[in-house]
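Below are the chains, spelled out letter by letter.
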Amino acid sequence: MSDSFASKPTSRRAFLGGSAAAAVAVGAGAARAGAPDPLITEVQDWAAGLGEGVDATPYGLPIRFEDDVIRRNVEWLTADTISSINFTPIHALDGTITPQGCAFERHHSGAIELRKEDYRLMINGLVETPLVFTYEDLTRFPRENHVYFCECAANSGMEWAGAQLNGAQFTHGMIHNMEYTGVPLRTILEEAGYSAQGKWVYVEGADASSNGRSIPMEKALDDVLVAFKANGEALRKEHGYPVRLVVPGWEGNLWIKWLRRVEVTDAPVESREETSKYTDTLADGTSRKWTWEMDAKSVVTAPSPQSPIPHGPGPMVITGLAWSGRGAITRVDVSKDGGRTWETARLARPGEARALTRFYLDTEWDGSEMLLQSRAMDETGYVQPSKAALREVRGENSIYHNNGIQTWWVRESGEAENVEVS
């Protein structure tokens, strides 16, 4: 049974009221129980004069009090930031939409600057009419809007052999969730007249790495998007401005940035990014190939190592994110005791296919230690596995597609640490 306060509607209000009074009692300096709160009774600086005018920041920026909510890199992860990654601060966000300024980056040869006026997209190969589109050409096609998550295949990859990085941002932050605007790739392929012999498309970027990947034609004609906006505005440079590919539910390496070419082929190209990289090495040394789809996964974002419990015992909200490349999330369970017992969390809204879902467990903390876990289920019936179950099938040699259950050890102090309970 959930520890929800639905059956005790006044308890949370009463407790929080008591907490406020207690805060006054234990506050700094001369404050004492029952004393007036100067933040209420005295005129503060922000109310004693005028604030900034409407043109102070022509492009709105986060307030300085939130300057710790930023992407972060792990310096030792790669030799150079030119071919590296940084991580979304998922521990500090709520809801599901990731601000572009917080959305993780992954580059293979650095983020390039490409003007819209200089942009070209070539469609060639097994097509009736090879075509080249400008940016303005693309904006003339009927467009669509969809919310999707983009997850690096290596998200949680450092956790295969055990608990490594102390923070949800670092264990699970190679992910973002945005509303993309663009033209279905299907529309572009139809414009060029793709051949029935075309079973695959090979997509490349305009950066030095090109990062070419092969995509089955079935997927290309299904939901792949040639996108030029995210969250209502132009893509950021680091996310592929002016045009990128969106491949819903599939690993982020396929989401080609600065998209420059789509070639229709009768077979996969077998590029570096789909042979020596982005394949999953098993315990016996063989590798799984074409593991595009991101399996159901979840993580508690608060409390977590970077987001400790800021208060003592009493009412609290446990929250996190869940997602699946197979479809919509239908349920998330949360455990406080390392998986011995589970409670069903509340989804903030019904799950959407291939998009992040926010979950909440409204509960009460008694001040004792917790081993927090979350377990996601999607509309196909797939259930997120434990790390032990995952390793039993795939060993510990892999880098990619680790969707095992994450554990945070929450101490009596409210601080949390990355541990493994399999």
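Here the structure is a predicted model, which means the values were calculated and not measured.

Calculation notes
Residues numbered from 1 in each chain as written. Predicted model: local features only at pLDDT ≥ 70, side-chain atom pairs only at ≥ 80, totals over all residues. Heavy atoms only, no water. pLDDT = per-residue confidence, 0-100. Contact = heavy atoms within 4.5 Å. 1 Å grid on protein atoms, 1.4 Å probe; cavity = no way out; pocket = protein on both sides within 12 Å on 5 of 7 lines; lining within 4 Å. Points joined across faces, edges and corners; volume = space filled by probe spheres on them. Nonpolar A, V, L, I, M, F, W, Y, C, P; charged D, E, K, R; others polar. Disulfide = S-S within 2.5 Å. Buried < 20%, exposed > 50% of the residue type's maximum accessible area, 1.4 Å probe, protein only. Helix = DSSP H or I, 4+ residues; strand = E, 2+ residues; numbered from the N terminus. Pairing = 2+ DSSP bridges.

Undergrad: Even after reading the chapter, I still don't get the confidence of the model for the protein chain, so can you show me in this structure?
TA: Detailed reading of predicted coordinates is not advised where the pLDDT is low. For the protein chain, the average pLDDT comes to 92, and 92% of its residues sit at 70 or higher. Here residues 1-10 is modelled with pLDDT under 50, and outside its nearest four sequence neighbours on either side it reaches 15 contacts, counting other chains as well. Counting contacts from residues 18-31, a segment whose pLDDT is below 50, to residues more than four positions away or on other chains yields six contacts.

Undergrad: Looking at this structure, I do not really get the layout of surface pockets. What am I missing?
TA: The rolling of a water-molecule-sized probe over the atoms marks out the regions of remaining empty space. If you add up the space inside the largest pocket, you get close to 490 Å³. Surrounding the largest pocket, 23 residues form its lining, Arg-106, Ala-154, Tyr-278, Ile-399 and Tyr-400 being those nearest its centre. Residues that form the lining of the largest pocket fall into these classes: nine nonpolar, 10 polar and four charged. Estimated volume of the second largest pocket: approximately 300 Å³. Lining of the second largest pocket is provided by 16 residues; of these, Pro-62, Pro-99, Gly-101, Cys-102 and Arg-236 occupy positions nearest its centre. Classifying every residue of the lining of the second largest pocket by side-chain character gives seven nonpolar, four polar and five charged.

Undergrad: I'm lost on the state of the cysteines in this one. Help?
TA: Joining two cysteines, a disulfide is a covalent bond between their sulfur atoms. Taken as a whole and judged by the stated rule, the model has zero disulfides. The cysteine Cys-102 is free of any disulfide, with Cys-150 supplying the nearest cysteine sulfur at 15 Å. Left without a disulfide partner, Cys-152 is nearest to the cysteine sulfur of Cys-150, which lies 8.1 Å away.

Undergrad: Even after reading the chapter, I still don't get the pairing of strand β9 (residues 225-230), so can you show me in this structure?
TA: The side chains of a regular strand alternate, residue by residue, between the two faces of the sheet. Buried residues dominate β9, accounting for five of its six residues. Strand direction decides the pairing type here: strand β6 (residues 175-184) and β9, joined by five bridges, are antiparallel. When the sheet's bridge partners are listed, Tyr-180 is paired in β9 with Ala-230. Examined bridge by bridge, β9 and strand β10 (residues 233-234) share two bridges and lie antiparallel to one another. Bridged to Lys-229 within β10 is Ala-234. Joining the antiparallel neighbours β9 and β10 is a turn of two residues, in which Asn-231 adopts a positive phi near 55°.

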